[in-house]
Amino acid sequence: MLWKSLIALCVIGAALAEQTPVFLWGANSVAKPSLKTVPQAEFAEQLATLLKDHMVVAFEENGLSNKDFLCSNSQSQSCYAQLQGVSPKTYYTSVENPSEALRSVAAKREHNSIDASGKLVTPAKCSVGTALFVSFEDAVESREDVLEAHDAAIAAISKQFECKVAYLYLAAPSTAPVVQRRNRRETAATKGGFIWYSTNQFQIFYTAIHYNGKSVDVTGMAVTNSTTPLTKFSVELATSEASKKITFDILYDGGYFSMSNLAYDGSKFRTGDVNAPVTFSFSCGNLTLDSIPVDNMYNTLSFSSLQLQAPFDGTYKNNFAFGDSWDCVGFVTPGILMGLFVVALLLIIMFVGVCWMMDINTMDRFDDPKGKTITINTAAE
């Protein structure tokens, strides 16, 4: 029964696996037969070898298929005019879960995206051993125009890296979120509150701050940069009580900014969930932070309609408009949990059904036609 269960699991795993084409260039790689699917483990081993002395940049195209590589524009020219001239290059017609294979072997992973102008949303730096996943923003255009624009963007971005880089052009996983950008709202949405900013480095907006239920009036803000490279700076919010100040640090790591070391009136507060990508602004309708307990007592610091952003990008203007909101509400909602429960239930039913069908056997005993006929006597009561 155990081996049958293992076979059933393999059948389910094979059905869920994705086989997609992969175009690799910038490094020598082993060619594979076009009619053979490269297993995930084998492809992961190949990528692990590349990561030892290369940075790997993976461009994830939504819905990429082998048919797309035969695309041509209105002038009967290939949609991949730029990629055709790269070398060395290798094309795999079918690879099992290539994105997951790269994630499994890369110790350092970063994510980025290409905007409508064909540029990276966040500047990327060369780092050997790092896997950079780059997605494309959706555009309402024909498939040919989209692929041609992405080809030009990939060629332009590839010229920005000066270290040894191996590039992958592959299909985005079906479970990956689609990158969509909304039109940026004007700062009029921040009316009715208080907004403080320090040049183009940091900006914070709120409607009210309360400490243990009592209102806190902020009179000014000061930003102090660290002596190390600009991946950290400290913020100090002066209050009407000169002896009490709200202080915290802003850290940059892997394309995200986060708040840490928040303190006020001698209490330190937990801020583990206050983080967002640098191109987004962190927002929360009502953020209440608890202090570290002292003698089983703790304090609370609450921000109403909080919105803050640290771009860590010198191209921003002073008093810049906030980026798209990265809300503090958790991603796993009750609806998502219900969906996962239903999917798990259906998988269990399918697994049990496959096991039962594989356990069906023929009869091991049959009635002998030449033997004595079975006679059952009946009597009236």
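All values reported here derive from a predicted model rather than from experimental measurement. (Residues numbered from 1 in each chain as written. Predicted model: local features only at pLDDT ≥ 70, side-chain atom pairs only at ≥ 80, totals over all residues. Heavy atoms only, no water.)

Asks: Help me understand the packing of helix α2 (residues 40-51) against helix α3 (residues 98-105) in this model?
Replies: Packed helix pairs are specified by the crossing angle of their axes together with the interaxial distance, meaning the distance between the axes. For the pair α2 and α3, the least separation of the axes is 8 Å and the interaxial angle reads 50°. Relative to α3, the element α2 lies oblique. The handedness of the crossing between α2 and α3 comes out as right-handed. Contacts between α2 and α3 pair Q40, F43, A44, L47, A48 and L51 from the former with P98, E100, A101, L102, S104 and V105 from the latter. (Axes fitted to C-alpha atoms, helices over the stretch in contact; angles between N-to-C directions. Helix = DSSP H or I, 4+ residues; strand = E, 2+ residues; numbered from the N terminus. Parallel < 35°, antiparallel > 145°, perpendicular 65-115°, else oblique. Left-handed = near helix turned anticlockwise from the far one by under 90°. Contact = heavy atoms within 4.5 Å.)

Asks: Honestly, a nonpolar patch on the surface in this entry has me stumped. Any pointers?
Replies: Taken together, the side chains of F341, V342, L345, L346 and I349 define a hydrophobic patch exposed on the protein surface, amounting to about 510 Å² of accessible area. Within the secondary structure, V342 sits in helix α5 (residues 334-358). Here V342 falls in the partly exposed class, since its relative accessible area comes to 44%. (Patch = residues over 30% accessible without salt bridge, like charges linked within 9 Å, V, L, I, M, F, W, Y side chains within 5 Å. Areas by Shrake-Rupley, 256 points an atom, 1.4 Å probe, with all protein chains shown as cover. Salt bridge = Lys/Arg side-chain N within 4 Å of Asp/Glu carboxyl O. Buried < 20%, exposed > 50% of the residue type's maximum accessible area, 1.4 Å probe, protein only.)

Asks: What exactly am I supposed to notice about the pairing of strand β12 (residues 232-239) here?
Replies: Put simply, side chains in a regular strand alternate between the two faces of the sheet. In β12, alternate side chains face the same way, and those of F233, V235, L237 and T239 are buried while those of K232, S234, E236 and A238 on the opposite face are not. Across 7 bridges, strand β11 (residues 218-225) lies against β12 in antiparallel orientation. Looking at the pairing, V218 lines up with T239 of β12. Examined bridge by bridge, β12 and strand β13 (residues 245-253) share 7 bridges and lie antiparallel to one another. From the neighbouring strand, A238 faces β13, where its bridge partner is K245. In sequence, β12 turns back onto β13 through a hairpin of 5 residues. (Pairing = 2+ DSSP bridges.)

Asks: Looking at this structure, how should I read α3?
Replies: Each α-helix winds once per 3.6 residues, and so residues spaced three or four apart point in a common direction. Burial in α3 covers these residues: P98, S99, A101 and L102. Relative to the axis of α3, the buried residues are bounded by an arc of 160° and lie together on one face. On its buried face, α3 sits against β1 (19-25), α2, β2 (55-61), β3 (89-96), β5 (130-136) and β6 (165-171). (Arc of directions from axis to C-beta.)

Asks: Would you mind going over the sheet that holds β3 with me for this structure?
Replies: The strands making up a sheet associate through hydrogen bonds between their backbones, and the pairing can be parallel or antiparallel. Overall, mixed pairing links the 6 strands, which are arranged β3-β1-β6-β2-β5-β4 in an open sheet. A single partner strand is all that each edge strand has here, and the edge strands are β3 and β4 (108-114). Between one strand axis and the next, the sheet turns through 20° on average, direction left out of account. Here 7 bridges tie β4 to β5, and the two strands are oriented parallel to one another. When the bridges of β5 are listed, N112 appears paired with V134. Seen against the sheet, α2 touches β1, β2, β3, β5 and β6 and runs at an angle of roughly 140° to β3. Relative to the sheet, helix α4 (residues 143-158) contacts β1, β2, β4, β5 and β6, its axis offset from that of β2 by approximately 165°.

Asks: It is not clear to me how the packing of aromatic side chains should be interpreted in this structure. Could you clarify?
Replies: Given two aromatic rings, one states the distance between the centres and the angle between the planes to describe the pair. Inspection of the entire model under this criterion finds 21 aromatic pairs. Ring geometry for W25 against F59: centres 6.5 Å apart, planes inclined by 10°, an arrangement best described as stacked. Of this pair, W25 sits in strand β1 while F59 is found in strand β2, placing the two residues 34 residues apart along the sequence. Grouping residues by exposure puts W25 and F59 together as buried. For F59, a relative accessible area of 0% puts it in the buried group. One aromatic cluster is present, formed by F23, W25, F59, F136, F161 and Y167 through successive ring pairs. Positioned above the aromatic ring of F133, the side-chain terminus of R103 is 4.2 Å from the ring centre. (Phe/Tyr/Trp six-rings, centres within 6.5 Å; stacked < 30°, edge-to-face > 60°. Lys NZ or Arg CZ within 6 Å of the ring centre and 35° of its normal.)

Asks: In this structure, what is going on with the pattern of salt bridges? I would like to understand it.
Replies: Charged atoms that come close allow side chains of opposite charge to pair. Under the criterion given, the structure shown has 8 salt bridges. A salt bridge links R103 to E60, with the nearest nitrogen and oxygen atoms 3.7 Å apart. Here the residue R103 occupies a position in helix α3, and E60 occupies one in strand β2, the gap between them amounting to 43 residues. For E60, a relative accessible area of 7% translates into the label buried.

Asks: Just checking my understanding: could you explain the state of the cysteines for this structure?
Replies: Linking two cysteines covalently via their sulfur atoms produces the bond known as a disulfide. According to the stated counting rule, one finds 3 disulfides in the structure shown. Put simply, C71 and C79 are joined by a disulfide, and their sulfur atoms are 2.0 Å apart. Its S-S torsion of approximately -45° makes the covalent link between C71 and C79 left-handed. Overall, C71 belongs to the buried group, its relative accessible area being 11%. Here C79 falls in the buried class, since its relative accessible area comes to 0%. Put simply, C284 and C328 are joined by a disulfide, and their sulfur atoms are 2.0 Å apart. The sign of the S-S torsion, about 70°, decides the handedness of the disulfide formed by C284 and C328: right-handed. Pair noted here: C284 is in strand β17 (residues 281-290) and C328 is in the loop between β19 (325-327) and α5, with a separation of 44 residues, a long-range link. Relative accessible area serves as the criterion here: at 5%, C284 is assigned to the buried category. Residue C328 is classed as partly exposed on the basis of its relative accessible area of 33%. (Disulfide = S-S within 2.5 Å.)

On their own, these measurements won't tell you what the molecule is for.
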